[in-house]
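# Architecture and fold: a report
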Amino acid sequence: MPRIPLGDWVTDAVDFLTKHGRPVFSAISDVVGGLVHGLSHLLSAPPSLALAAVVAMACWWLRGLAAGVLTMAGLVLIDMLGQWDAAMETLALVLVASVAALIVGVPLGVLSARVPTVSTVARPVLDFMQTMPAFVYLIPAISFFGLGEVPGVVATMVFAIPPGARLTELGIKQVDRETVEAAEAFGTPPGRVLTRVQIPLALPTIMTGVNQVIMLSLSMVVVAGMVGAEGLGANVFGAITQYNLGAGAESGLAVVLLAIILDRMTSALGTRLAPAARRSADRAVHGGVANVLRYRPRPVFALSGVVVFALLATTLGIVGTGGSGAKGKPITIGYIPWDEDIAVTQLWKAELEKKGYQVTLRQVDAGPLFAGLGQGDIDLFFDAWLPATHADYYNKYKDKIEDVGVWYDKASMQIAVPKTDPANSVADLKGQSSRYKGRIVGIEPGAGEMKIVKTKVQPAYGLGDYKVVESSTAAMLAELDRSVKNNQPIAVTLWKPHWAYTKFPIKPLADPQNAFGSAEKIHTLGRQGFAKDFPDLDGWLKKFTMSDAQLFPLEDLVMNKYKGKEAQGVAEWEKQNPAVVKKLTG
């Protein structure tokens, strides 16, 4: 059967739109990015307790005293977990994406309910949007909008439109036909039938759609974190890639609490806005404690209270300690979840902040990171392995990237096994796949080493009976740790420099056929115009180098002893290496 080159067509279409639609995408990016950052700043500016009180009072009015108290407790717990700022960034992203999805979805649902042809055409489109894996939306979104919150918002909006449209259409179609005919019999215009009869009666179902849109948007925050969107999603993504269980639990719990609060508030809002549901709830009679727990203040008192707390929160935010207050020249450093990159990025973040820079870190995978460098969303990247590992990405964007310099020149890739393993060469693995469960445990699928192992190492040594398992660096290290402790054979993809060679009793396998290639160099890359925009930093980085004796302890401190508290690891290393630190920016 002839192969349909659908992928080539889609790539060509995205390239065409990226090239010719840049002004439109830039305008959308500016608007959406401005909305997200503005709303995030507004939510983060007041003291957390004041804003929590405002939200709790709103929940009290919507659902009752018990719900208000639990909402307050949930928000305080988020703050106590150290996730408040990330939660507000996530809330801003979710609100912007949800509003955008509803602006499109609700009118589409109304039109589909009233015009059968529109419903027939829209249904397969909505099916496509809802069933397409959410990750796929990020690929063109990165090309159009670069890294950060904007591609996350756009991908989230596209993913969340279908439930809003479907439930709006369903709610209007479920309105009693005789009621509509009665309104029409009295000469009511179609527009008033819609706004005065159909939409009010369909409101509970429409609000269910609103609730689902918000929940789907919140479920996308982790996915959005993969393309550099700040917030809880970025924290969860970072915890996954670095195998940080504690950080993952804290961020994950904050996502759950935020989801529960938004779910309860939006579902109660549907009840409050729908006349029939509101009357039914008001008729429900309870006694004793139940009445107290379900007590809701009158709207005028609730609104007054919210206004007072909002003014208080805003005032405290302005005159208090709200806002980061960070000043200085902003710079965005991108990094991938490779240990040497995390360690060096954290080291330079600390040094640049001492010099007054306002440093923003974005963790993404290698592909989006090079795309971000090419589009100017990322200013600096410390971990480009050349000429082999990252060659594909570098060659694609080299015309839009500046090579700042080499800071490590003995980088190499290997397959590693436990020291007690009889294999000493990659050639020794041939015919022994059952010993290693038929697998070589790999890292991120986008890593250059994975491609080299599959396309060069396996054919060169006849290892076709091995499966190269795609995972992450953290997952590979966790599996290595488990196998070493249980004295089980394992083969993993690894590289030098890496602290694993000092932490675990493992050895690299020799590569007599040089399938991995010669030793590589780790380059620092800047976006186009980096040297012009950051002349001092460019000069410091051109002189920057690290030896094994300097790099391995830094990695060990940042990735092991102070895992999740990277700044403390850097601080301890700097105390041990004052002369090296002095040379960095000297």
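So, how was this worked out
Numbers given to residues run from 1 along each chain, matching the order in which its sequence is written. This being a predicted model, a pLDDT of at least 70 is required before a residue's local features are given, and a value of 80 or more before pairs of side-chain atoms are given or counted; all residues contribute to the totals for chains, interfaces and linings. In computing side-chain properties, one takes all heavy atoms of the structure into account and sets aside hydrogens as well as water. UniProt positions are given in the numbering used here, feature names are shortened, and annotations may be inferred rather than shown by experiment. Where helices and strands are cited, they refer to DSSP runs of H or I of at least four residues and of E of at least two residues respectively, numbered from the N terminus. Buried, partly exposed and exposed residues are distinguished by accessible area as a fraction of the type maximum, computed with a 1.4 Å probe on protein chains only: under 20%, between the cut-offs, and over 50%, respectively. Note on pairing: DSSP must find at least two bridges between two strands before they are called paired. Seen with its strands pointing away from the viewer, a crossover is right-handed when the path leading from the first strand over the helix to the second is clockwise. Every angle, taken between N-to-C directions, lies between 0 and 180 degrees, and every axis is a line fitted to C-alpha atoms, over only the stretch in contact when it is a helix. In what follows, roughly perpendicular refers to angles from 65 to 115 degrees, roughly parallel to angles under 35, roughly antiparallel to angles over 145, and oblique to any angle outside these ranges. Handedness of a crossing follows from how the near helix is turned relative to the far one, being left-handed for an anticlockwise turn of less than a right angle and right-handed for a clockwise one. The contact criterion used throughout is that any non-hydrogen atoms of two residues lie within 4.5 Å. Residue type decides the class: Asp, Glu, Lys and Arg count as charged, Ala, Val, Leu, Ile, Met, Phe, Trp, Tyr, Cys and Pro as nonpolar, and the leftover types, Gly among them, as polar. To form a nonpolar core, buried Ala, Val, Leu, Ile, Met, Phe, Trp, Tyr and Cys residues must be joined to one another through side-chain atoms within 4.5 Å. Salt-bridge detection follows one rule: a side-chain nitrogen of Lys or Arg within 4 Å of a carboxyl oxygen of Asp or Glu. A cavity, in this analysis, means grid points on a 1 Å lattice covering only the protein atoms where a 1.4 Å probe fits yet has no way out; a pocket is instead an open set bounded by protein on both sides within 12 Å along at least five of seven lines, and a residue lines either one if it has an atom within 4 Å of a point. Grid points are joined across faces, edges and corners, and a volume is the space filled by probe spheres set on the points. In a helix, the anticipated span is given by 1.5 Å times the number of residues less one. Our arc is simply the arc of the directions from the helix axis toward the C-beta atoms.

When the UniProt feature table is mapped onto this chain, "transmembrane region" (unreviewed entry) is found at residues 49-78, 90-115, 135-161, 213-237, 243-262 and 300-320. Along residues 213-237 one finds 72% helix and 0% strand; the C-alpha atoms at either end are 22 Å apart.

Judged by how many residues are buried, strand E1 (residues 330-335) sits mostly within the fold: five of six residues are covered. Across six bridges, the pairing between E1 and strand E2 (residues 358-363) is parallel. Directly across from Gly334, in E2, lies its bridge partner Arg362. Taken together, E1, helix H17 (residues 339-354) and E2 constitute a β-α-β crossover, and its handedness is right-handed. With two bridges connecting them, E1 and strand E3 (residues 380-386) associate as parallel partners. Each bridged residue has a counterpart across the sheet, and for Gly334 the counterpart in E3 is Phe381.

For the pair helix H7 (residues 134-145) and helix H8 (residues 149-173), the least separation of the axes is 8 Å and the interaxial angle reads 135 degrees. Looking at the two axes, H7 sits oblique to H8. The two elements H7 and H8 meet at a crossing, and its hand is right-handed. Contacts from Ala134, Tyr137, Leu138, Ala141, Ile142 and Phe145 in H7 reach Val150, Pro151, Val154, Ala155, Val158 and Phe159 in H8. Its residues assigned to classes, the contact of H7 with H8 shows 12 nonpolar, no polar and no charged.

Core analysis: the largest hydrophobic core is formed by 140 residues, its most contacted members being Trp348 and Leu537. Apart from the residues within four sequence positions on either side, Trp348 is in contact with Phe382, Leu537, Trp540, Leu541, Phe544, Leu584 and Thr585. Counting 15 residues, the second largest nonpolar core, distinct from the first, contains Val14, Ala141, Phe144 and Val154.

Another point: the pattern of salt bridges. The tally for this structure, following the rule as stated, stands at 20 salt bridges. For Lys354, the salt bridge goes to Glu351, with nearest N and O atoms at 3.0 Å. Of this pair, Lys354 and Glu351 both sit in helix H17, three residues apart, which is roughly one turn of the helix. Take Lys354: its relative accessible area is 55%, and that puts it in the exposed class. Classification of Glu351 as buried rests on a relative accessible area of 4%. Put simply, Arg435 and Asp421 hold a salt bridge, and the shortest N to O gap is 3.5 Å. Within this pair, whereas Arg435 is found in the loop between strand E4 (401-418) and strand E5 (439-441), its partner Asp421 is found in the loop between E4 and E5, the two being separated by 14 residues in sequence. A relative accessible area of 34% means that Arg435 is categorised as partly exposed. Residue classification places Asp421 among the buried positions, given a relative accessible area of 4%. Among the charged side chains, a salt-bridge network with shared partners connects Arg177, Glu181 and Glu184.

With that settled, the discussion passes to empty space enclosed by the protein. Empty space among the atoms can be located by rolling a probe the size of a water molecule over them. Tallying each qualifying case throughout the model produces one cavity of 30 Å³ or more. If you go around the largest cavity, the residues you meet are Thr90, Leu93, Val221, Ala224, Gly225, Ala229, Glu230, Leu232, Gly233 and Ala234. For the lining of the largest cavity, the secondary structure elements donating two or more residues are helix H5 (84-114), helix H11 (221-225) and helix H12 (232-241). Counted by class, the lining of the largest cavity contains six nonpolar, three polar and one charged residues.

Time to look at helix H4 (residues 65-80). In an α-helix, one turn spans 3.6 residues, which is why side chains three or four residues apart end up on the same side. Helix length check: H4 (16 residues) gives 23 Å between terminal C-alpha atoms against 22 Å at 1.5 Å per residue, within 8%. Within H4 the residues assigned to the buried category are Ala67, Gly68, Thr71, Gly74, Leu75 and Ile78. When H4 is viewed along its axis, its buried side chains cluster within an angular range of 125 degrees and face the same direction. Of the residues in H4, the exposed ones pointing more than 90 degrees away from the buried face are Val69, Leu70 and Met80. Once H4 ends, the next one or two residues include Gly82, with phi positive near 75 degrees.

By the secondary structure assignment, Gly529 is in the loop between strand E9 (520-527) and helix H23 (530-533). Judged by relative accessible area, which is 18%, Gly529 ranks as buried. C-alpha of Gly529 to C-alpha of Glu402: the two residues are 127 residues apart in sequence and 7.5 Å apart in space.

As a further point, take unusual backbone geometry. For the peptide bond that leads from Leu386 to Pro387, omega is 20 degrees, which places it in the cis range. Tracing the chain through its elements places Pro387 in the loop between E3 and helix H19 (391-397). The omega torsion of the bond from Lys496 to Pro497 falls at 10 degrees, within 30 degrees of zero and hence cis. As for its placement among the helices and strands, Pro497 is situated in the loop between strand E7 (492-496) and helix H22 (500-503). Positive phi, close to 55 degrees, is recorded for Asn487, a residue that is not glycine. Counting through the fold element by element, Asn487 comes out in the loop between helix H21 (473-485) and E7. One non-glycine residue, Asn514, lies in positive phi territory at about 55 degrees.

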